[in-house]
Amino acid sequence: MSVKVCKFGGTSMADGNVINGVKKIIDADARRKYVVVSAPGKRYSGDTKVTDLLYACHKELVEKGSCKNGFAAVRARFNSLVKELNIPFEINALLDETEAAIDSERSEDFTASRGEYLCARIVAEVLGATFIDAKDVIFFNEDGSLNGEKSYKAISFAVSGAERAVIPGFYGKGYDGKVKTFSRGGSDISGSIIARAVNATVYENWTDVSGFLACDPRIVESPVKMKTISYKELRELSYMGANVLHSDSIFPLRKANIPIQIKNTFRPQDAGTSIVPSAKYTPSGNLVTGVAGKKNFTVIFIEKSHMNAEVGFMCKVLSVLVEEEISIEHIPSGIDTMSLVVESNDLSKEKLETVIEKIKSAVAPDVIRVIEDIALIATVGHGMSSSVGTSARLFNAIAAADINIKMIDQGSSELNIIVGVRNDDYEKCIRAIYSEFFK
Ligand code: ADP
Ligand code: ASP
Ligand code: MG
């Protein structure tokens, strides 16, 4: 039988009216049996997401021994939501229980997960559906990775017999038996896990935009919408900053070839974007599918004559980063040069100095230089890098916008070209690339 898993993001849970709209969407299609929810997000620009209120609660708990103030904001948010829904739900009793549990657990992950937990309890009531706690069905291994097989088994068992079920996103049970969250935006991954476990026909990801757009709509007004993209393009774009979908969302779906459909809760009539396995993908004809990026990287540039002839040169450099437990985003290299691109957040001033000293003593470079405040921008599309003249168009467009390119990396996936520019040039650069390939 055809079954859909629907994940509703934070803005789709923002208040009672929106949740009533979600109920209409679910009621409109009997295949929408399994629902994954995020914590209530922003109701208006300047509002605070419930998850952020909860992270603040944890901070208060650590600093002051209690989170009375912070939790009052969470309480107010859920109280008004239940009032708007006008349902007989004992929200205050549940909030009291939750506040006491936060106080006794004293764990950041547990506290942060309560937004999804409370929201799912309410949505289950609204839909007359079975509530399934993610802690009982999503499991992590000792190294923090997902224990897929155990989770899929537990989910199929838990949903069997349930006409409709609601599962909170964003968390599961860690190896130590305690609640553990995914990284931010992780409810998208929870939705993928449920979709895989029930072998869904489609994973519908309901959000506040009508699909995957060619670039961030906060930078370019009304960018072109993509009708279909491949898993691979999704992975490249979301990893590089198109955070409409978490970049790890495709892993549970890949083996089972389950497509994702991005849909807009506020415009359910819009077709949205289909994200399909690469084998089933027919290119749109556009050279470029999308542009995405992230700010705040540091580049360590190393130059040494005949570097490529020196056996083990790269290995020695990389060993330094392994020793210092720093992960590397990219390693663009030339005959006598190599650059290490690292997230600035992973490098304190002291750590950077240690790394430089260690590289100097490991390989004695002619030049070693650090370039800070770099933004990376990926231009993504199947076949793009094999099409003659694409890079020239890209670099010319950036130059015409008077932007200095600090670094270039053509990924070996042949799916993207990444440029590094100054943080300050980030938005301007995205607009320049968008205009070149989409206007
Ligand atoms: P949800 O709460 O539903 O999970 P998110 O805020 O995580 O929603 O993701 C949706 C947002 O992603 C959009 O409102 C949009 O501002 C942003 N976004 C960034 N890049 C893109 C893109 N390429 N396409 C669509 N949305 C994008
Ligand atoms: N509520 C969590 C967050 O804000 C997870 C999610 O929304 O996907 O990151
Ligand atoms: Mg999200």
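I will try to describe carefully the structure that is included in this document.

Conventions and cut-offs
- Residues numbered from 1 in each chain as written.
- Chains lettered and ligands numbered in written order.
- Predicted model: local features only at pLDDT ≥ 70, side-chain atom pairs only at ≥ 80, totals over all residues.
- Heavy atoms only, no water.
- Helix = DSSP H or I, 4+ residues; strand = E, 2+ residues; numbered from the N terminus.
- Rg over C-alpha atoms; globule rule 2.2 N^0.38 Å.
- Buried < 20%, exposed > 50% of the residue type's maximum accessible area, 1.4 Å probe, protein only.
- Contact = heavy atoms within 4.5 Å.
- Areas by Shrake-Rupley, 256 points an atom, 1.4 Å probe, with all protein chains shown as cover.
- Lys, Arg positive; Asp, Glu negative; His and termini not counted.
- Charge placed at Lys NZ, Arg CZ, Asp CG, Glu CD.
- Pairing = 2+ DSSP bridges.
- Axes fitted to C-alpha atoms, helices over the stretch in contact; angles between N-to-C directions.
- Near = heavy atom within 4 Å.
- Polar contact = N/O pair within 3.5 Å; in protein donor to acceptor, adjacent residues only side chain to side chain.
- Nonpolar A, V, L, I, M, F, W, Y, C, P; charged D, E, K, R; others polar.
- Salt bridge = Lys/Arg side-chain N within 4 Å of Asp/Glu carboxyl O.
- Parallel < 35°, antiparallel > 145°, perpendicular 65-115°, else oblique.
- Left-handed = near helix turned anticlockwise from the far one by under 90°.

Let us look at the overall build of the protein. Across its full length, the protein carries 13 helices and 15 strands. The C-alpha atoms of the protein give 24 Å as radius of gyration, which agrees with the globular expectation for 439 residues (22 Å, within 12%). Over its C-alpha atoms, taken along the principal directions, the protein stretches across nearly 75 × 55 × 40 Å. Taken across its 439 residues, the protein has 54% of its residues classed as buried. For the protein, the proportion of contacts with a sequence separation of at least 24, taken over those separated by at least 6, is 74%. Total accessible area on the protein is roughly 19800 Å²; 48% of this is exposed by carbon and sulfur atoms. Taken together, the 53 basic and 56 acidic charged side chains of the protein have centroids lying 5 Å from each other.

This part is about the sheet that holds strand β11 (residues 290-303). The antiparallel open sheet is built from five strands, whose spatial order is β12-β11-β13-β15-β14. Since the sheet does not close on itself, it has two edges, and those belong to β12 (337-343) and β14 (407-410), each with one partner. On average, adjacent strands in this sheet sit at an angle of 35° to one another, irrespective of strand direction. Bridge analysis of strand β13 (residues 367-380) against strand β15 (residues 416-422) gives seven bridges, and the strand direction is antiparallel. The partner of Leu-376 across the bridge, within β15, is Gly-420. Sitting on the sheet, helix α8 (residues 231-239) is in contact with β11, β13 and β15, with an inclination near 65° to β11. Across the face of the sheet, helix α11 (residues 349-363) comes into contact with β11, β12 and β13 while running at roughly 110° to β13.

Attention shifts here to the site of ligand 1. Around ligand 1, 17 residues are found, and the nearest of them are Lys-7, Gly-10, Thr-207, Asp-208 and Leu-213. The backbone of Gly-10 places a nitrogen or oxygen atom 2.9 Å from an oxygen atom of ligand 1. Contact distances for ligand 1 include 2.7 Å between an oxygen atom and a side-chain N or O atom of Thr-207. Across the shell around ligand 1, the residue classes break down as seven nonpolar, six polar and four charged.

Moving on, we come to the pairing of strand β10 (residues 273-276). Both faces of β10 are covered, namely the face carrying Thr-273 and Ile-275 and the face carrying Ser-274 and Val-276. Where strand β8 (residues 228-230) meets β10, three bridges bridge the pair, whose relative direction is parallel. Bridge assignment links Ile-229 to a residue of β10, and that residue is Ile-275. Bridge count for strand β9 (residues 260-264) against β10 is three bridges, and the pairing is antiparallel. Looking across to β10, one finds that Ile-262 is bridged to Thr-273.

Another aspect to go through is the environment of Ser-387. Tracing the chain through its elements places Ser-387 in the loop between β13 and α12 (390-400). Under the relative-accessibility criterion, Ser-387 is labelled partly exposed at 26%. For Ser-387 and Ala-124, which are 263 residues apart along the polypeptide, the C-alpha to C-alpha distance reads 50 Å.

A word on the site of ligand 2. Around ligand 2, the surrounding shell consists of Ser-38, Thr-51, Glu-116, Phe-170, Arg-184, Gly-185, Gly-186 and Ser-187. Note that a nitrogen atom of ligand 2 is positioned 2.7 Å from one of the side-chain N or O atoms of Glu-116. A distance of 2.8 Å separates an oxygen atom of ligand 2 from a polar backbone atom of Gly-185. Considering ligand 2 on its own, with 260 Å² of exposed area, one finds that the protein chains cover 92% of that surface. By residue class, the composition of the shell around ligand 2 is one nonpolar, five polar and two charged.

This part takes up the pattern of salt bridges. Applying the stated criterion to the full structure yields 27 salt bridges. Ionic pairing is found between Asp-29 and Lys-4, a salt bridge with its closest N-O pair at 2.9 Å. On the criterion of sequence distance, the pair formed by Asp-29 in the loop between α1 (16-27) and β2 (32-37) and Lys-4 in strand β1 (residues 4-8) is long-range, its members being 25 residues apart. In this pair, the class of Asp-29 matches that of Lys-4, namely buried. Where Lys-4 meets Glu-204, a salt bridge forms, and the shortest distance between an N and an O atom there is 3.1 Å. Residue Lys-4 is found in strand β1, and its partner Glu-204 is found in strand β7 (residues 202-207); the two are separated by 200 residues along the sequence. Ionic contacts of the salt-bridge type, sharing partners, join the residues Lys-4, Asp-29, Arg-31, Arg-32 and Glu-204 into one network.

Interhelical geometry of helix α6 (residues 148-159) versus helix α7 (residues 187-197) gives an angle of 70° and a closest axis separation of 9 Å. When the axis of α6 is compared with that of α7, the two are roughly perpendicular. For the pair α6 and α7, the crossing hand works out as right-handed. In this structure, α6 uses Glu-149, Ser-151, Tyr-152, Ile-155 and Ser-156 to contact α7, whose residues at the interface are Ile-193, Ile-194, Arg-196 and Ala-197. Looking at the contact of α6 with α7, its residues break down into five nonpolar, two polar and two charged.

Pairing is mixed across the open sheet formed by eight strands, whose spatial order is β3-β4-β2-β1-β7-β9-β10-β8. Each end of this open sheet is capped by a strand with a single partner; those strands are β3 (130-131) and β8. As paired elements, β3 and strand β4 (residues 165-168) share two bridges and run parallel to each other. When the sheet's bridge partners are listed, Phe-131 is paired in β4 with Val-166.

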